[in-house]
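# Residue-level structural notes
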There are 2 protein chains.
Amino acid sequence: MDQLVQNGQFAAPVFALLALAFAAWKAVAVRGKEAGDQEMQTIAKRIQEGAMAFLKTEYTWLAGFVVVVGILLGVANAIGGLENNQTPIIAVSFVLGAFLSGLAGFFGMRIATLANVRTTHAAKKGLGPALEVAFSGGAVMGFVVVGLALLGLGSLYIVYTTMGSTLFPGVGEAQQLQLALTALTGFSMGASSIALFARVGGGIYTKAADVGADLVGKVEAGLPEDDPRNPAVIADNVGDNVGDVAGMGADLFESYVGAIIGAMVLGLAFGVADHGPIVLPLIIAAAGIVCSIVGTFFVKVKEGGNPQHALDMGAFGAAGVMAVLTFVIAKQLWPEAGATVGDLHVSATDVGIATVIGLAVGVAVGLITSYYCSMDKPPVDGVAEQSKTGTATNIIAGIGLGMQSTAVPIVLIAVGVVGASYFAGLYGVAIAALGMLSTTGIQLAVDAYGPVADNAGGIAEMSHQEPIVRERTDKLDAVGNTTAAIGKGFAIASAAMTALALFAAFMQQAGISGINISKPTVMAGLFLGGMLPYLFSSMAMKAVGEAAMEMIEEVRRQFREIEGLLEGKAKPDAAKCVAISTNAAIKRMVVPGALAIVTPVVIGFGMGAEALGGLLAGVTVSGVVLAIFMSNAGGAWDNAKKSFEGGGYTMKDGSLHEKGSEAHKAAVVGDTVGDPFKDTAGPSLNILVKLMSVVALVIAPLIAVAS
Amino acid sequence: MDQLVQNGQFAAPVFALLALAFAAWKAVAVRGKEAGDQEMQTIAKRIQEGAMAFLKTEYTWLAGFVVVVGILLGVANAIGGLENNQTPIIAVSFVLGAFLSGLAGFFGMRIATLANVRTTHAAKKGLGPALEVAFSGGAVMGFVVVGLALLGLGSLYIVYTTMGSTLFPGVGEAQQLQLALTALTGFSMGASSIALFARVGGGIYTKAADVGADLVGKVEAGLPEDDPRNPAVIADNVGDNVGDVAGMGADLFESYVGAIIGAMVLGLAFGVADHGPIVLPLIIAAAGIVCSIVGTFFVKVKEGGNPQHALDMGAFGAAGVMAVLTFVIAKQLWPEAGATVGDLHVSATDVGIATVIGLAVGVAVGLITSYYCSMDKPPVDGVAEQSKTGTATNIIAGIGLGMQSTAVPIVLIAVGVVGASYFAGLYGVAIAALGMLSTTGIQLAVDAYGPVADNAGGIAEMSHQEPIVRERTDKLDAVGNTTAAIGKGFAIASAAMTALALFAAFMQQAGISGINISKPTVMAGLFLGGMLPYLFSSMAMKAVGEAAMEMIEEVRRQFREIEGLLEGKAKPDAAKCVAISTNAAIKRMVVPGALAIVTPVVIGFGMGAEALGGLLAGVTVSGVVLAIFMSNAGGAWDNAKKSFEGGGYTMKDGSLHEKGSEAHKAAVVGDTVGDPFKDTAGPSLNILVKLMSVVALVIAPLIAVAS
């Protein structure tokens, strides 16, 4: 093994620790800011308590789940034995993956719920200081995620490979490496399990609370947004953190880990003489951390400036530096004479190009998403215009837009797949996915900034701050909506690429050379896979509907039974609403979650590895397209509605979007339909496609033996 | 060749002529009925003129399209030459397929638009006579479709094979047969081209007229349904014929032809020593005609009886007889020692079982569709209940239901594919598709009966008949809605199976042994294919929206400018509305149509046969699931709305669905959203998946040479 490669693998845990140190520094900075007056602090405390209450309930359930699945995994793999490429150590990776993802969610939420009120307070001073606090809060989530993910993965890899002969006794060196990587796949499955619960549960939570707060509080009782008399407002603000901070964090944690592991496993195909292709993904991830940290320093705004511009500078700057760095790293680590897989000879430059293709596709899909979901752009304008002829035309326009918006991103992904694999085979696809995700640190920081800013606005409203404060937080929040749209597009694109990477790794681990669609079982798998995202989405949407009904009844009950509540003389029982959302979310994520985990197992063992491959292909294609559709339709409906708010809005073409008009009401209905689209079902599909692939990858050696 | 097989092939044209004779007999019977009073006849005449005007415009355009594509096909295939399995004669088949499908649409519409007013008149006498006329009208469409399809196919096959040495000089006997079947595939593409224009154009037509009639006439001007003062009412009634008679007819014509040709081409794989496997599909189709004719005699109802029961008797009876007959035919025609393809030995019984599997899956999918779309069943009840909390919950419920409803049909199709191919390989899948479609004659009769009954009700209303007449036609119409739902499910299932049959035939013709998803170009094809149905649907829905806007403006203009119109003193300019719908439909079907035809050509020649296979797999899976979703969501919204109509409706659980309530209004919005789902985009997807497969099949030999 090359000395550089040998030393290089230590870069992963080292730079992971750097990311954690940076996150800690940011966390201390956030903590050190003033938290404002007593009223602000009380409200913030209730949001924080609600968020922690959700995490506590979620993690209690998850702990049980992780232990049970961990034991099953360990036992199933122990039975087969090392000579069949199975290792019970996979259970250790699984538990650690789940634990670290959970831990990242905990830290991220903890700081995000401290940052919100401090952002409100900072907004009293100006836009710049407010952005600084909000972005620092988001950055903690971003860097804790990449730090813990890479620390766990990097350390496990070093331990598994250096202790190879102890952990995997009686097999040759080459197989030890193979077993080490097999064991590592459990880490990805652990991360995916947390992501499933965080995304699906979080999605149900946030929308149940949102609908409850809006429908009863705003519509029935006529209270303004974020009014402290509304019992569901705290749950609503908790929901922003649960869904958009912890949910998004776990989602990208999973993608990040999946892309790295997928690439590492596929690196095996180049032969084990040189570990370069296997270690390279860890180093790229490490370099991505440095680029992300550098990027954060560009996020600055002056009073009157545009926070969007500052965030773009940070994210695109990091991506740009990363693109260059990639070639340098590949040059150093890749075997000098190139490496060969099948008929394909891959050079260092080829690997660099594949990485950059991934980066470029990720950025492009994000930008297209933002085009389809931004105010003052033709798509959203069109939906707003169609609201003027009523609710039905608003809905049809939104659905049509969402469907149309799938075209370019899918073409880009397809081009990315063909391009990356042209240069570096299936390894290239995985490395492209990683390229896309290498700057996850800052991407997620930008994403998680949104809900912090949103919360800050809520706290400003509830604590009756001066209008200028709310104005500033609104400015931050508006940018947050755009970054959220971009982030969602990015999350879907990265989920698609990661799923493909895991899918390719699955084929290799299952020992099948191809998946032939002309085989009837593969056709059947493809059909079943194509259907699952629909079934999964319908379950998620139904869960939101049911949970929202419970919330609606509780809010109505409080208005009815708590005397003086509407007059502001009594406090609502916010904790009860938080508890309802929490329990509803936890209870209702079980069936869709089980569907995602059990289906690949049943198909894999019942119909064989190739049929399972068909299932994965079906679920990935159908899931990604459906996710783009739902996410963009939801985003467009949201902003079409916003074009009627804020005291009426004059469009570029001079037409007036009047607040309170019939068109506005139609747009509100569209937004309500869009909410579970973009915040529950859509993002959950990211998890579905990755989780099913990673489950397949983990059970691949077992299937290979069984068949 | 076996003597029985030799003679057997003549069964196809003979029984096809029987079907046409039966259709003629039914047509004469319909013509012979009284057409009622002068007012009824005037209205009926305007509907008929509108329908014929649409056909005339459509066919003028189509003629140009068919000539151009026919020449292209001929020239492209002439260049290659016979030694490369290419024959310019394919152009003859193409033109004939298009011509016969168009002719079927013409006859079917012609009689349907005679039957409607005669049904109204017969309803004065009673329910039984009215059902008889309406069903006879539908039967003409049904039997003209199967008759012309089988006559064309059967005759071409005989001509191409008996004149083999003249048509395909200089090649051996085995290759002559292959070339004959290659030439035959053009017939399927011709049929598909007409289907595309009939379904997409018809779908746009019918919904533009419907929205115009409803939104301005009913909502803005407050006129009741089918009021003669409403300028768009005639166009609306024309639309029922254009969409549900001609559109559905062309759709099933295409499926029927595609399934037969797919099976025949795959029959080649058993070796050409015995023509049994190649001729069998023609004989099964011929037998299906007999069963269908027998079935029609069971369609009788007494006054106070249930027309649904009568129609079920006919359709299920025919299917039951067919299931038995299948085994008898297979026993006679299949090589006594069985036949072998690859490792699989297939006996006559195996073929029989595969056919019955197809029949069973078709019936089952139809029934499930009906469950999800029928009033008084939990799914529709649920949507109606959710209307009580507003429009948004109605929409979310409908979308959730539609998504959920994809699960069982897809599982059934997957089981059908695995089951049929277990017994008879890919040939089994094609023969299962044919089994499903063997009784198309009566299936389509039942389907086309619906719009005739619907029209009859409209004419009763417009010509101010006594309430009892409208009551009876309403009873027929209500049943028509259920049969329409079943028919749509059946059409989708058969489209899925036909697409798979064509897909398998494509692989054989392109000379590829498999389609490996792990190849990046196949992955890319799969993604692009998965996206196309969304893009196609968005185009179709956008076309409806734009065409509807034109119609709305025209109707408003007439109310404004024609003096005395609303008072009933002046006649509306119905012809203008018909012209608007016609032109809008024709103009707007060009781009989606081109997309469906050009994409496989571009991908096939640009990226190769395997990538094209991936594209087809993606479009089939994604298209079928999306079609089921859209179709069922639309059907459920429709009936949820209906549960609020007819003077209020008490549900089984005792809850009242009050007419004119807020919940009713919410349900109306849902229905408006559902209309383009179930009548435009959803059914058009059936065509998309089949057309793309058949284009691939037709160009397969060209790609095989090019690569």
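The structure presented is a predicted model; accordingly, all values stated were derived computationally and were not measured.

Here we take up the overall build of chain A. For chain A, the helix and strand inventory stands at 21 helices and four strands. In terms of C-alpha radius of gyration, chain A reaches 24 Å, essentially the compact-globule figure of 27 Å for 707 residues. Over its C-alpha atoms, taken along the principal directions, chain A stretches across nearly 75 × 50 × 50 Å. Taken across its 707 residues, chain A has 67% of its residues classed as buried. When contacts within chain A are restricted to residue pairs at least 6 apart in sequence, long-range pairs at least 24 apart make up 84% of them. Within chain A, the 53 negative side-chain charges are centred at a point lying 5 Å from the centre of the 40 positive side-chain charges.

Looking now at the relation of the copies chain A and chain B. When chain A is fitted to chain B, the residual RMSD is 0.0 Å, and the transformation amounts to a turn of 180° plus an axial shift of 0.0 Å. On the angle and the small slide along the axis, the relation comes out as a two-fold axis. Closest to the rotation axis within chain A is the C-alpha of A:N516, separated from it by 2.3 Å. The overlap is high: 98% of the interface residues of chain A also sit at the interface in chain B, so the same surface is used on both sides.

Residue and element names in this part refer to chain A. The end-to-end C-alpha distance of helix α18 (residues 574-588), which contains 15 residues, comes to 21 Å, matching closely the 21 Å that a straight helix rising 1.5 Å per residue would cover. By the burial criterion, the buried members of α18 are A574, C577, V578, I580, S581, T582, A584, A585, I586 and R588. Of the surrounding elements, those touching the buried residues of α18 are α3 (38-80), α7 (173-220), α8 (233-267), α17 (520-561) and α19 (590-607).

A word on the interface of chain A and chain B. Listed as interface residues are 58 residues of chain A and, on the opposing side, 58 residues of chain B. Buried surface at the junction of chain A and chain B, both sides included, amounts to about 5,100 Å², of which 87% is carbon and sulfur. Of all residues in chain A, the largest losses of buried area upon contact with chain B belong to A:M403, A:F527 and A:Y534, amounting jointly to 16% of the total for that side. Where chain A packs against chain B, one counts zero salt bridges. Of all the secondary structure elements, the ones that give two or more residues to the side of chain A that touches chain B are α13 (391-404), α14 (407-437), α16 (467-510), α17, α20 (609-642) and α21 (662-706) of chain A. Per-element tally for the side of chain A that touches chain B: the top contributor is α17(A), with 16 residues. Here the side of chain A that touches chain B is composed, by residue class, of 42 nonpolar, 16 polar and no charged.

The grouping of A:V67, A:I71, A:V75 and A:I79 at the surface amounts to a nonpolar patch, some 400 Å² of accessible area in total. Here A:I79 shows up in helix α3.

The next subject is helix α2 (residues 11-32) of chain B. At 3.6 residues per turn, the α-helix brings residues three or four places apart onto the same side. All names here are of chain B. In this model α2 runs 31 Å from its N-terminal to its C-terminal C-alpha over 22 residues, within 8% of the 32 Å that 1.5 Å per residue would give. Those residues of α2 not exposed but buried are A11, A12, P13, A16, A19, L20, F22, A23, K26, A27 and V30. Summarising the contacts, the buried residues of α2 are in contact with α1 (3-8), α4 (90-123), α5 (127-162) and α9 (276-296).

Let's shift gears to the pattern of salt bridges. Tallied over the full model, the rule gives 52 salt bridges over all chains. A salt bridge links B:R199 to B:D251; the shortest N-O distance between them is 3.0 Å. You can see B:R199 sitting in helix α7 (residues 173-220) and its partner B:D251 sitting in helix α8 (residues 233-267), a full 52 residues away along the chain. For the residue pair B:R199 and B:D251, the accessibility class agrees, reading buried in each case. Via salt bridges that share partners, A:K207, A:D210, A:K488, A:D638, A:K642, A:D675, A:K678 and A:D679 belong to a single interconnected network.

Now for the packing of aromatic side chains. Residue and element names in this part refer to chain A. A full pass over the atoms with the stated rule returns 28 aromatic pairs over all chains. Consider the rings of F22 and W25, whose centres lie 5.7 Å apart with planes at 55°: the pair is tilted. Separated by three residues within a single helix, F22 and W25 lie in helix α2 (residues 11-32), roughly one turn from each other. Given a relative accessible area of 48%, W25 falls into the partly exposed group. Members of the aromatic cluster, connected to one another through ring pairs, are F22, W25, F143 and F297.

With that settled, the discussion passes to the confidence of the model for chain A. All names here are of chain A. Predicted confidence across chain A gives a mean pLDDT of 90, with 98% of residues reaching 70 or more. Element-level mean pLDDT values for chain A span from 62 in strand β3 (residues 649-650) up to 96 in α2. Of the two predicted TM-score estimates for the complex, the pTM is 0.94 and the ipTM is 0.93.

Now for unusual backbone geometry. Residue and element names in this part refer to chain A. Within the chain, D376 stands out as a residue other than glycine whose phi angle is a positive 70°. As for its position among the elements, D376 is in the loop between α11 (348-373) and α12 (378-387). In this structure, H464 is a non-glycine residue whose phi angle is positive, near 55°.

Cut-off values and rules
Counting starts from 1 at the beginning of each chain's written sequence and moves along it residue by residue. Lettering for chains starts from A, numbering for ligands starts from 1, and both go in the order in which the items are written. At least 70 in pLDDT is required for a residue's local features to be given in this predicted model, at least 80 for side-chain atom pairs to be given and counted, and no such filter applies to totals for whole chains, interfaces and linings, which use all residues. Side-chain numbers here rest on the full set of heavy atoms in the structure, without hydrogens or water. Strands are runs of DSSP state E lasting at least two residues, helices are runs of H or I lasting at least four, and both sets are numbered from the N terminus onward. All radius of gyration figures rest on C-alpha atoms, and the globule criterion is 2.2 Å times the number of residues raised to 0.38. Classification of residues uses two cut-offs on accessible area relative to the type maximum, computed with a 1.4 Å probe and protein chains only: under 20% is buried, over 50% is exposed, and between them is partly exposed. Whether two residues touch is decided by their heavy atoms; if any such pair falls within 4.5 Å, the residues are in contact. Note that His is not counted, nor are the chain ends; the positive residues are Lys and Arg, and the negative ones are Asp and Glu. Where a charge lies is defined by one atom per residue type: Lys uses NZ, Arg uses CZ, Asp uses CG and Glu uses CD. The fit set for superposing copies consists of C-alpha atoms from residues with pLDDT of at least 70 in both; the fit itself is least squares. Helix span is expected to be 1.5 Å times the residue number reduced by one. Summed over both partners, buried area is the accessible surface (1.4 Å probe) that two parts give up on being assembled. Here, a salt bridge means any side-chain nitrogen of Lys or Arg that lies within 4 Å of a carboxyl oxygen of Asp or Glu. Any residue outside Ala, Val, Leu, Ile, Met, Phe, Trp, Tyr, Cys, Pro, Asp, Glu, Lys and Arg is labelled polar, Gly included; the first ten of those are nonpolar and the last four are charged. Residues qualify for a patch when their relative accessible area is over 30% and they have no salt bridge, like charges being joined within 9 Å and the nonpolar side chains of Val, Leu, Ile, Met, Phe, Trp and Tyr within 5 Å. Per-residue and other accessible areas were derived by the Shrake-Rupley procedure at a 1.4 Å probe size, with only the shown protein chains allowed to occlude residues. By convention, a stacked pair of Phe, Tyr or Trp rings (six-membered ring in the case of Trp) has centres within 6.5 Å and planes under 30 degrees apart, an edge-to-face pair has planes over 60 apart, and any other such pair is tilted. pLDDT expresses how confident the predictor is about each individual residue, on a scale running from 0 to 100.

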